[in-house]
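Understanding the architecture of this molecule
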Amino acid sequence: MRLFLVVVLLGLSTIAVAQQRVLRLDTLPKSGEIMLEKEWRWHSGDNRAWASPSFNDNRWDSIRPTRMMSMVSKPVSNTVSWLRLYFSVDSLLFTRQLYFNVAQAGASEIYLDGQLIKRLGTVSANAYRQVSYSPTVYEWYPLVLTKPGLHVLAVRWAYHRPAWYIPFDRVDNQPMFEATLRPGDTLMEDVALPKAQNMRSPLIIGVFLMLSAVQFLYYLYRRQRVNFYFGLTCLFFALGRSASSMRPFQTDLITASWLTFLGGLCYMLYCIYLCATFYGFLNKRLTWVFWTLTAVVLVAFFIDHFTEQDIMPTLLMIAGLGGLFINLLIASVTALRSQQANARLVLYPLLIMFGVVVGMFVIAIAFRGRDSESLQLAGNVATVIISLTVPLTMAVILARENAQTNRDLKARLKDVEKLSEEKEAILKDQKATLEKEVAQRTATLNRSLQELRNTQTQLVQREKMASLGELTAGIAHEIQNPLNFVNNFAEVSSELISELRQEQIRPTPERDPGLEAELLTDIEQNVSKIGHHGGRAASIVRGMLEHARTSTGERQPTDLNALADEYMRLSYHGLRAKDKRFNATLITEFDSDLSPVSVVSQDMGRVLLNLFNNAFYAVLEKTKQAPEGYKPLVSVRTKQTELGVEIRVHDNGCGIPQHLQRKIFQPFFTTKPTGQGTGLGLSLSFDIITKGHGGTLSVETKPSEYTTFIILLPA
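Summarised in this report is the structure supplied together with it. The numbering scheme is per chain: residues are counted from 1 as the chain's sequence reads. Two thresholds apply to this predicted model, a pLDDT of at least 70 for residue-level local features and 80 or more for giving and counting side-chain atom pairs, whereas whole-chain, interface and lining totals are computed over all residues. Only hydrogens and water are set aside when side-chain values are computed; all heavy atoms of the structure are taken into account.

Turning our attention to a negative patch on the surface. Residues enter a patch when their relative accessible area is above 30% and they make no salt bridge; the linking distance is 9 Å between like charges and 5 Å between nonpolar side chains (Val, Leu, Ile, Met, Phe, Trp, Tyr). Shrake-Rupley sampling with a 1.4 Å probe provides the accessible areas, and residues are treated as covered by the protein chains on show and by no other component. Between Lys or Arg on one side and Asp or Glu on the other, a salt bridge is scored when a side-chain nitrogen of the former is within 4 Å of a carboxyl oxygen of the latter. Charge counting follows a simple rule: Lys and Arg are positive, Asp and Glu are negative, and His as well as the terminal groups are ignored. One atom stands in for each charge, and that atom is NZ of Lys, CZ of Arg, CG of Asp or CD of Glu. A grouping of Glu 417, Glu 421, Glu 422 and Glu 424 is seen on the molecular surface, where their side chains present a negatively charged patch. Following the sequence through the fold, Glu 424 ends up in helix H11 (residues 372–470). Each helix is a run of H or I in the DSSP string that is no shorter than four residues. Each strand is a run of E no shorter than two, and both are numbered from the N terminus.

Structure (structure tokens):
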């Protein structure tokens with residue numbers, strides 16, 4: 001009985017194994033790769049026991065997981081499911097170390113004969129916990145087989161459809177699960193070498209970025225649209241190539257999807273602006289047809305990447321790009337017939353690119369399914385031709401334009417040389433004429449300058465005489481006092497002499513010697529006083545003569561206290577002679593320790609006289625306004641400081657308004673009514689102090705309250 005049961009179980013297991021679909025791996029194809037695409041079983045659910053080689057999957061559904069996600073008929077999204085494959089390796093192939101590469105959407109755990117050999121991402125039924133992983137074409141993992149014969153490959157797999165705003169194109173074109181086997185001794189030749197070749201992309205990208213920068217610089221300098229369009233063309237090609245170069249190295253499917261989308265968009269814009277560049281070289285404006293076809297291409301591109309529509313957007317993109325190409329071809333032929341410049345250079349690259357595209361279609365159809373290496377080689381050659389056609393064409397066009405520009409410049413240079421020779425002769429004549437005119441005008445200007453100097457000298461002298469005229473009454477008053485003393489003492493002396501003579505006539509006994517001596521003493525004192533007051537009058541006259549005389553500029557030690565006191569009183573009495581009702585308080589604060597200062601006394605006297613005249617005029621004008629309790633006051637103060645000798649002339653008159661303070665030292669500026677001032681007093685005083693003596697003349701004032709002029713002479 002037991003023997004019977006054993007025989008029955010062996011028979012049933014033999015039948016079960018016979019019913020399994022087995023993928024037999026006997027030999028390698030010419031491509032060197034074995035794609036595990038048949039005999040797969042699929043079942044929805046999650047049970048790790050399904051990785052066991054002894055599990056019976058006869059009831060599972062058959063599936064071809066190497067198809068794109070858009071073509072998989074099973075409801076594989078948003079759940080965890082399993083894939084199982086029985087494959088048999090013969091003894092010859094077993095001796096070679098096999099490696100496998102995976103292309104997938106989602107995440108997976110790969111089991112060989114029940115043992116986990118690779119985890120690609122994190123598998124989970126929860127979309128937020130799953131971590132998708134899409135291996136690159138350069139990631140190959142060892143497939144360790146312990147013996148030839150039958151083996152089981154089980155895959156725990158999960159996929160969650162991305163959000164609506166993620167481009168669908170890359171996801172839909174990704175296989176569900178595609179495993180490829182390759183012997184290890186072919187990896188260096190067929191995998192590492194293409195990877196190294198892919199690193200050449202930065203060179204192409206750099207060339208196009210350089211072309212883009214050059215064209216943008218041309219645009220900034222020349223302001224021509226064709227340079228701007230060509231710069232955008234090169235820039236979009238470089239960006240598209242960059243995205244395409246980075247995409248094979250991305251393991252995140254979302255990032256790869258965005259790179260695919262951005263790369264495709266940049267290539268679309270590259271084609272569009274390439275057509276715009278050719279239009280610019282043909283001097284054609286971009287018409288509504290161009291913009292309509294551009295809109296069709298871009299809208300179809302977005303529909304293709306963000307919806308599940310497949311055929312219609314592709315057809316629209318082909319139609320739009322074909323329309324742009326045909327429209328540009330027609331414009332090129334029209335320009336060629338009209339013998340327009342650059343027409344041939346635009347038409348030839350279009351025909352070359354068209355021929356390359358047509359040739360690629362023919363090669364793809366001819367070698368479809370037979371020789372992938374030849375097809376790949378043809379694709380690389382076509383890419384190189386199309387990539388080089390545009391920059392070479394543009395380089396030739398730019399070279400021609402630069403050559404034409406050089407020819408134009410040479411022609412213009414010759415014209416300029418001819419004109420320069422003619423103008424040189426004209427310039428010589430004009431130069432001689434101008435030299436004569438300049439000489440004449442120089443002589444005229446010299447005469448005018450001399451007349452101006454003479455006029456200036458006359459104005460200065462008139463100012464001196466005007467100030468002297470204003471002092472006439474003061475001088476008369478000052479001279480009158482010593483003359484009165486002279487007359488009085490002379491009269492008294494005459495009477496004393498008469499008495500002395502009468503005393504001398506008397507007889508000797510009657511004469512009084514004491515009286516005679518007293519009379520002689522009185523006469524001597526009177527004569528001395530007459531001499532003193534006569535000298536005082538003479539000094540006043542001498543001072544006025546020096547004031548009126550032209551200054552020699554010779555400096556002499558001068559008592560500034562005496563000089564200031566003398567001119568203050570002269571100015572005051574001169575004004576009182578005009579207006580007997582005018583009275584003012586005079587205050588002098590002289591530094592008794594002030595030593596004589598080396599100055600030009602005549603010039604310094606003029607400065608002080610001008611300042612005193614202005615001070616008395618200011619208090620007189622304020623007196624006429626009759627403010628209550630106002631008492632006119634003018635003061636002068638001298639002081640020895642560390643910086644030099646300081647003289648302050650102060651009055652409590654009307655002050656100077658703020659807007660006039662900057663103008664008071666300007667020549668011919670005066671605040672007095674017409675006819676009462678020349679406007680040269682303060683200007684000459686400023687020049688005498690600053691230029692003649694190296695000092696400073698400044699003013700401190702407050703409108704309606706006071707004005708103080710400050711003279712600072714260096715010690």
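Structure's up, so let's keep going.
We now examine unusual backbone geometry. Unlike most non-glycine residues, Glu 39 shows phi in positive territory, near 65°. The phi angle at Ser 704 is positive, at roughly 75°, despite the residue not being glycine. With respect to the helices and strands, Ser 704 occurs in the loop between strand S17 (696–702) and strand S18 (706–714).

Considering the arrangement of structural elements, one finds Thr 701 in strand S17. Only protein chains enter the accessibility calculation, which uses a 1.4 Å probe; a residue is then buried when its area is under 20% of its type maximum, exposed when over 50%, and partly exposed in between. On the basis of relative accessibility, which here comes to 16%, the residue Thr 701 falls in the buried class. From its side chain, Thr 701 meets the backbone oxygen of Tyr 706 in a polar contact 2.9 Å long. Whether two residues touch is decided by their heavy atoms; if any such pair falls within 4.5 Å, the residues are in contact. The residues touching Thr 701, leaving out its near neighbours within four places in the chain, are Gly 655, Ile 656, Gln 661, Tyr 706 and Thr 707. Any pair of N or O atoms that falls within 3.5 Å is considered a polar contact. Within protein, one atom must be able to donate a hydrogen and the other to accept it, and sequence-neighbouring residues count only if both atoms are side-chain atoms.

Packed helices, taken two at a time, are described by their axes: the angle between them and the distance between them. Packing of helix H5 (residues 201–222) against helix H6 (residues 225–246) brings their axes to within 8 Å, and their N-to-C directions diverge by 160°. Compared by their axis directions, H5 and H6 come out roughly antiparallel. Here the hand of the crossing between H5 and H6 comes out left-handed. Judged by residue contacts, Ser 201, Ile 204, Ile 205, Phe 208, Leu 209, Leu 211, Ser 212, Gln 215, Phe 216, Tyr 218, Tyr 219 and Arg 222 of H5 engage Asn 227, Phe 228, Phe 230, Gly 231, Leu 232, Cys 234, Leu 235, Phe 237, Ala 238, Arg 241, Ser 242 and Ser 245 from H6. Residue classes in the contact of H5 with H6 are distributed as 15 nonpolar, seven polar and two charged. Each axis is a line fitted through C-alpha atoms, taken for helices only over the stretch in contact, and angles between the N-to-C directions span 0 to 180 degrees. Should an angle fall under 35 degrees it is taken as roughly parallel, and over 145 as roughly antiparallel, whereas 65 to 115 is taken as roughly perpendicular and any remaining angle as oblique. Crossings are sorted by hand: turned counterclockwise from the far helix by less than a right angle, the near helix makes the crossing left-handed, and turned clockwise it makes it right-handed. Gly counts as polar in this scheme, as do all residues outside two lists: the nonpolar Ala, Val, Leu, Ile, Met, Phe, Trp, Tyr, Cys and Pro, and the charged Asp, Glu, Lys and Arg.

Let us now look at the packing of H6 against helix H7 (residues 253–281). Their axes nearest at 7 Å, the elements H6 and H7 cross at an angle of 160°. Looking at the two axes, H6 sits roughly antiparallel to H7. The element H6 and its partner H7 pack so that their crossing is left-handed. Of the residues in the contact of H6 with H7, the class split is 18 nonpolar, six polar and one charged.

Turning our eyes to something else, we now look at the sheet that holds S18. By this definition, two strands are paired if DSSP reports at least two bridges between them. Taken in spatial order, the five strands line up as S13-S15-S16-S18-S17 in an open sheet, and their pairing is mixed. Pairing within the sheet leaves two strands with one partner each, and these edge strands are strand S13 (585–589) and S17. For this sheet, the mean angle separating the axes of adjacent strands, direction not counted, is 10°. Where helix H14 (residues 560–578) meets the sheet, its contacts fall on S13, strand S15 (633–640), strand S16 (644–651) and S18, and the angle it forms with S13 comes to roughly 175°. Against the sheet, helix H15 (residues 601–624) contacts S13, S15, S16 and S18, and its axis sits at roughly 25° relative to S16.

So, about the environment of Phe 278. Tracing the backbone shows Phe 278 in helix H7. Put simply, Phe 278 and Tyr 229 are 49 residues apart on the chain and 9.0 Å apart in space, counted from C-alpha to C-alpha.

This part takes up the sheet that holds strand S11 (residues 177–183). Spatially, four strands are ordered S2-S11-S6-S9 in an open sheet, and the strand pairing comes out antiparallel. In the strand order of this sheet, the two ends are held by strand S2 (34–36) and strand S9 (141–143), each with one partner. Taken pair by pair, the neighbouring strands of this sheet meet at an average axis angle of 35°, ignoring direction. Pairing of strand S6 (residues 98–104) with S11, which is carried by seven bridges, proceeds in the antiparallel orientation. Bridge assignment links Phe 100 to a residue of S11, and that residue is Leu 181.

Under the defined criterion, the tally for this structure stands at 14 salt bridges. Arg 156 is the salt-bridge partner of Asp 46, the closest N and O atoms lying 2.8 Å from each other. Of this pair, Asp 46 sits in the loop between strand S3 (40–44) and strand S4 (61–63) while Arg 156 sits in strand S10 (residues 149–159), and the two are 110 residues apart along the sequence. Asp 46 gets classed as partly exposed once you look at its relative accessible area, which sits at 42%. By relative accessible area, which is 6% here, Arg 156 ends up buried. For Asp 603, the salt bridge goes to Arg 606, with nearest N and O atoms at 2.5 Å. With a gap of three residues between them, Asp 603 and Arg 606 both fall in helix H15, about one helical turn apart. Like Asp 603, the residue Arg 606 is buried in the burial classification. Because the salt bridges share partners, they merge into one network encompassing Asp 46, Arg 48, Glu 109, Arg 119 and Arg 156.

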